[in-house]
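Listed below, chain by chain, are the residues.
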Amino acid sequence: MNPQSQGFSESPRKRCCRQRLLLVLLGMLTTALWAGLLTLLLLWHWDTMRTLRQLEVSAARNVSQVSRDLHRYQSDQMAQKSQAAQLSRNMQELQARQKQMESQDSELSWNLDRLLADLSDTKSQSLNQRRAASDSLEKLQEEVEKLWMQILVSKGSACNTCPERWLHFQQKCYYFGKGAKRWVQARFTCSDLEGRLVSVHSQEEQDFLTKHADKRGSWIGLRDLDLEGEFIWMDGSPVGYSNWNPREPNNQDQGEDCVMMRGSGKWNDASCRSQLDAWVCERLATCGPPAPSASGDLSEPAPPLGSERPLPNSLGPPH
């Protein structure tokens, strides 16, 4: 075989070797690729398994924590139910006690009302008895003073002495006060002056009062506070002489229980809460020493009721 034919025949062989080499390289590359892919798959699987294990552990922990929380919640709920039941029992007991206390309070209130009513009745009776006794004593004192005054007058004494700013008329002294006052205030003002609101028993006395009284109207000692329509003087005597204004007394609005004297001298019933600018007080005059007897003896007769000196000229405070 010649060299040319030998060179021509080796060329396909080399080509075949190169092809085989390429196939081997391709196979190795493919194997490497598959190996890399398998490695990646193994790594991914391992990482996934590790993540799953971590998730499983975390889930187990969470389940355990949730279980503990649930158990604690159930325990708390049971405790709250127990407390609620106890509170309900306590509330029922409190309601029962409240009803019992309300019943006792109602009974105590009823007893207290009875006691207050009895006390009010007793106080009213006591005040009425005290007022009656005081009025009786005052009348007795006045009768004794009048009797003593008559004895002194019969012996020649002059019973015409009055305190300063008081006016004398018929053995009595009169004070014509000024200043806005209600009837009760005027009454106690006269009491402070050792007198009382005036009682009018004759036309002569009325004329004297009309002459000197304030023309705007004055309080006098007549009232029907105890019994409507039954007027009584401050000296305890009923109305004998009267000087009512026409169509009076009328008890207008069911609230006129005290009496005022107008500037004309006529009387009018008025509200005791009204204020008048004037009022009139009275008291007995003081008697001087008796006139000398024929023998020149200036001694006074013995006072009545075994006393050593005359009773005071004051009529005493009204009650």
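The name an unreviewed UniProt entry gives the protein is Fc epsilon receptor II, with Sciurus vulgaris as the organism. The record held by UniProt for the protein lists under Subcellular location (unreviewed entry) the comment "Membrane".

Q: Can you help me understand the overall build of the protein in this one?
A: In terms of regular secondary structure, the protein is built from three helices and 10 strands. When contacts within the protein are restricted to residue pairs at least 6 apart in sequence, long-range pairs at least 24 apart make up 70% of them.

Q: Even after reading the chapter, I still don't get the UniProt feature "transmembrane region" (unreviewed entry) in the protein, so can you show me in this structure?
A: Using the residue numbers shown here, the UniProt feature "transmembrane region" (unreviewed entry) corresponds to residues 21-46. Secondary structure within residues 21-46 divides into 100% helix and 0% strand; the distance between the first and last C-alpha atoms comes to 36 Å.

Q: Even after reading the chapter, I still don't get the packing of aromatic side chains, so can you show me in this structure?
A: Here a ring pair, both rings aromatic, is described through the centre-centre distance and the interplanar angle of the planes. In total, this model carries eight aromatic pairs according to the counting rule given. Centre to centre, the rings of Phe176 and Phe208 are 6.2 Å apart; their planes meet at 55°, and the pair counts as tilted. Placement of Phe176 in strand β3 (residues 172-181) and of Phe208 in helix α3 (residues 203-212) is noted, with a sequence separation of 32 residues between them. Look at Phe176 and you get buried, because its relative accessible area is 18%. When the ring of Trp244 is compared with that of Trp267, the centres are 5.7 Å apart and the planes differ by 80°; the resulting orientation is edge-to-face. Of this pair, Trp244 sits in the loop between β6 (232-233) and β7 (258-261) while Trp267 is found in strand β8 (residues 267-270), placing the two residues 23 residues apart along the sequence. Here the two residues Trp244 and Trp267 agree in accessibility, since each one is buried. Three or more aromatic residues joined by ring pairs form one cluster here, namely Phe231, Trp233, Tyr241, Trp244 and Trp267. A cation over a ring is seen here: Arg187 above Phe188, with NZ or CZ 5.7 Å from the ring centre. Seen from the ring of Trp166, Arg283 lies directly overhead, with NZ or CZ sitting 5.7 Å from the centre.

Thresholds, definitions, all that
Residues numbered from 1 in each chain as written. Predicted model: local features only at pLDDT ≥ 70, side-chain atom pairs only at ≥ 80, totals over all residues. Heavy atoms only, no water. UniProt positions renumbered as here; feature names shortened; annotations may be inferred. Helix = DSSP H or I, 4+ residues; strand = E, 2+ residues; numbered from the N terminus. Contact = heavy atoms within 4.5 Å. Phe/Tyr/Trp six-rings, centres within 6.5 Å; stacked < 30°, edge-to-face > 60°. Buried < 20%, exposed > 50% of the residue type's maximum accessible area, 1.4 Å probe, protein only. Lys NZ or Arg CZ within 6 Å of the ring centre and 35° of its normal.

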